[in-house]
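# Working through the structure, step by step
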2 protein chains.
Amino acid sequence: MNKAPWVSYRPEIKVLDCSIRDGGLINNHLFDDKLVKAVFDTCVEAGIDYVEVGYKGDKKIFAPDKFGAWKHCNEDDLKRIVGEEERATKISVMADAEKTDYKRDILPKDQSVIDQIRVATYIHQIPTAVDMIKDASDKGYEVTANLMALSAVKDNELLEALDILSDTPASTLVIVDSFGVFYSEQIRDYAKRFLKFAKGTGKEVGIHAHNNLQLAFANTIEAIICGVNRLDATIYGIGRGAGNCPLELLLSFLRNPKFNLRAVLKCIQDHFLELRQEIEWGCLIPYLITAHFNQHPRAAIELRSSDKKDNFVEFYDRWSDA
Amino acid sequence: MNKAPWVSYRPEIKVLDCSIRDGGLINNHLFDDKLVKAVFDTCVEAGIDYVEVGYKGDKKIFAPDKFGAWKHCNEDDLKRIVGEEERATKISVMADAEKTDYKRDILPKDQSVIDQIRVATYIHQIPTAVDMIKDASDKGYEVTANLMALSAVKDNELLEALDILSDTPASTLVIVDSFGVFYSEQIRDYAKRFLKFAKGTGKEVGIHAHNNLQLAFANTIEAIICGVNRLDATIYGIGRGAGNCPLELLLSFLRNPKFNLRAVLKCIQDHFLELRQEIEWGCLIPYLITAHFNQHPRAAIELRSSDKKDNFVEFYDRWSDA
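Just so we're clear, the structure is a prediction, and the values are computed from it rather than from any experiment.

In this section: the overall build of chain A. A tally of helices and strands in chain A yields 13 helices and eight strands. The C-alpha atoms of chain A give a radius of gyration of 19 Å, which matches the 20 Å a tight globule of 322 residues would have. Counting the 322 residues in chain A, one finds 61% classified as buried. If you take every contact in chain A between residues at least 6 apart in sequence, the share linking residues at least 24 apart comes to 76%. Accessible area of chain A: about 12,800 Å², with a carbon and sulfur share of 47%. Treating the 41 positive side-chain charges of chain A as one cloud and the 49 negative ones as another, the clouds have centres 2 Å apart.

Written out as structure tokens, the structure reads:
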């Protein structure tokens, strides 16, 4: 008889909800407070380890009159949502390389409710990212390094980047499948590489998957099996384009009794069904097509807001003829 | 540097489209000929190996005035769809144990356009299924044995069933995740067991996945990796409840140049977007809930046709309180 390891759970696993942060890429972070508060409270109730409420976006690049509060995450806005009550759930924000005035906008930890800064970087921005990681760590935060668009990164450049990032104070190295193109074997391959660099440094490895091929959840499971302990997910899979690993599926899978699936189901019922009528995300055919051709989903996002949104064949031919 | 086996393909892999057969469980197989013909022609153009157009349902159980033609698959109806042209695509039908008057309704192969009979059986119907397999094989058909609802079958009963089925003339033993509850590790476990019994018999192993946990495609890939060569899929994932492994995702993954993804995208654009407005299937929350509790999806299907269709929490509590 074979063993059945899946009836147990791994206590080291921590879940980060990035519903507002990644979902805000759909609508310029123009969420009302009611929704943001509902997401936050749901995550606290559901036992989620981190909630990523938004970006530390540079106001010169992202004008406050065009973007919602969660593009900048000022302390006053954060305090309105997170309240004063004690909670196990930590607050995370994302800082994009070259899109964050980090020296100014990221305050010393003792002046902020934020616990963790996640530095997102493309391969060509690594030196900037390294400086951002040091800056945030020096200011007292837990810091992660999120290496984006991995499917567009050459193997030797990845190894170089991992070598550099493993020397920084980042406590987690995150595999980011921005284009949503990876299959399980590839996730296994990346997980092994990342874990190799993390070994002996005390760093953890994380996974942020997109759902273009309906594999965000499956790839997150695959990463878990390989030893990845930091998992990104979003309520009802909200996120740019095809969206992310649905939190409700992930909690249904994780057997740690600290998690509470029911709270997430209630939030979907009360808020996300309606939200999904107002803004679009999910495994739609154009996102399968961009993933099929290993492209950023932006062309598919544009298509979906045009009058040709369901002209899949023409969209497919655009890439296959290229 | 690690190897990248996924750039190649395995020529032994064959794909079966069961859009009309499994999709018909949503609407009593009341599809019009235009749609059935579109699915069939699409599959021929897309290089699909088998098209399963429906059931050989007993007319005493499924009255012809209440069910569409694809519940019975009379020869005249089939001929209207499949035409006279030469094609590589074979015709399959499903015969459910105890729901098929197989001695009468399955004609000798030389009187039929059908190539393959798939015998679907629950664990308690194995003796009937064995007789059906022999009957269909004697009549000249390729035959498969589809063991349904595996997540509700005890290990020792499964081993007994596989022992019996591997002694029949069935050329394929199909893993059927009727409740859509399996994760990749479990699929690996089942694939190994099935393959062990198939070894040396010349039989293949197949997979039929449901999408309750957004894992139908991922589990099909996992089965492929383990050595499973017969794959079920449906256009746009159509199928009862949460639906099946989407054919368009599967073709995007399979690298055999005989397959044509574009034809399937065109069929979705021309037919399935509209069909999805008329009848419902897909990864909706109630199907996650039944899978979470390892239940048949029928309660979720009932919920979706009631005025409480979005009351996820009450539905969840119904099971968690049980």
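What follows is about the relation of the copies chain A and chain B. Superposing chain A onto chain B takes a rotation of 180° plus a shift of 0.0 Å along the axis, which leaves an RMSD of 0.0 Å. Expressed as an axis order, the relation between the two copies is that of a two-fold axis. Of all interface residues in chain A, 100% are interface residues in chain B too; the two copies therefore contact each other through one and the same surface.

What sets the pattern is the α-helix's 3.6 residues per turn: residues three or four places apart point alike. Among the eight residues of helix α11 (residues 285-292) of chain B, seven are classified as buried, and the element is accordingly described as predominantly covered. Every buried residue of α11(B) is listed here: I285(B), P286(B), Y287(B), L288(B), I289(B), T290(B) and A291(B). Contacts from the buried residues of α11(B) go to α9 (247-253) and α10 (261-278) of chain A together with α12 (298-304) and α13 (312-320) of chain B. A positive phi of about 50° marks N294(B), the residue just after α11(B).

Taken residue by residue, chain A gives an average pLDDT of 96. The fraction at 70 or more is 99%. With pTM at 0.97, the complex prediction returns an ipTM value of 0.95.

So, about unusual backbone geometry. We note that Y236(A) has phi near 60°; this positive angle belongs to a residue other than glycine. Its location among the elements puts Y236(A) in the loop between β8 (230-233) and α9. Phi angles above zero are rare outside glycine, and N28(B) is one such case at about 55°.

All names here are of chain A. Domain parsing of chain A yields domain 1 (9-278) and domain 2 (285-320). Of note, the centres of domain 1 and domain 2, computed from C-alpha atoms alone, are 26 Å apart. Taken together, the contact between domain 1 and domain 2 spans ten residues of the former and nine residues of the latter. Summing the contributions of domain 1 and of domain 2, the shared interface buries around 830 Å²; its carbon and sulfur component is 64%.

On to the sheet that holds strand β3 (residues 90-96) of chain A, then. Residue and element names in this part refer to chain A. Read once around its circumference, the closed barrel built from eight strands follows the order β1-β2-β3-β4-β5-β6-β7-β8, with strand pairing classed as parallel. Sheet twist, expressed as the mean angle between neighbouring strand axes with direction ignored, is 25°. Of the pairings in the sheet, the one linking strand β1 (residues 14-17) to β8 comprises four bridges and is parallel in character. Bridging across to β8, L16 finds its partner in D232. Sheet strands in contact with helix α6 (residues 155-165) are β5 (142-147) and β6 (172-176), and its direction is about 175° off that of β5.

Bringing the pattern of salt bridges into the picture now. A pair can form between side chains of opposite charge whenever their charged atoms are brought close. In this structure the tally under the stated criterion is 46 salt bridges over all chains. With a closest N to O distance of 3.2 Å, K60(A) and D58(A) form a salt bridge. Overall, the relative accessible area of 63% leaves K60(A) in the exposed class. In this structure D58(A) comes out as buried when scored by relative accessible area, which is 8%. With a shortest N-O distance of 3.0 Å, D155(B) and R193(B) are connected by a salt bridge. Of the two residues, D155(B) is situated in helix α6 (residues 155-165) and R193(B) in helix α7 (residues 184-198); the sequence distance between them amounts to 38 residues. Judged by its relative accessible area of 10%, R193(B) is buried.

How each quantity is defined
- Residues numbered from 1 in each chain as written.
- Chains lettered and ligands numbered in written order.
- Predicted model: local features only at pLDDT ≥ 70, side-chain atom pairs only at ≥ 80, totals over all residues.
- Heavy atoms only, no water.
- Helix = DSSP H or I, 4+ residues; strand = E, 2+ residues; numbered from the N terminus.
- Rg over C-alpha atoms; globule rule 2.2 N^0.38 Å.
- Buried < 20%, exposed > 50% of the residue type's maximum accessible area, 1.4 Å probe, protein only.
- Contact = heavy atoms within 4.5 Å.
- Areas by Shrake-Rupley, 256 points an atom, 1.4 Å probe, with all protein chains shown as cover.
- Lys, Arg positive; Asp, Glu negative; His and termini not counted.
- Charge placed at Lys NZ, Arg CZ, Asp CG, Glu CD.
- Least-squares fit on C-alpha atoms with pLDDT ≥ 70 in both.
- pLDDT = per-residue confidence, 0-100.
- Domains from an automatic or database assignment.
- Buried area = accessible area lost by both parts, 1.4 Å probe.
- Pairing = 2+ DSSP bridges.
- Axes fitted to C-alpha atoms, helices over the stretch in contact; angles between N-to-C directions.
- Salt bridge = Lys/Arg side-chain N within 4 Å of Asp/Glu carboxyl O.

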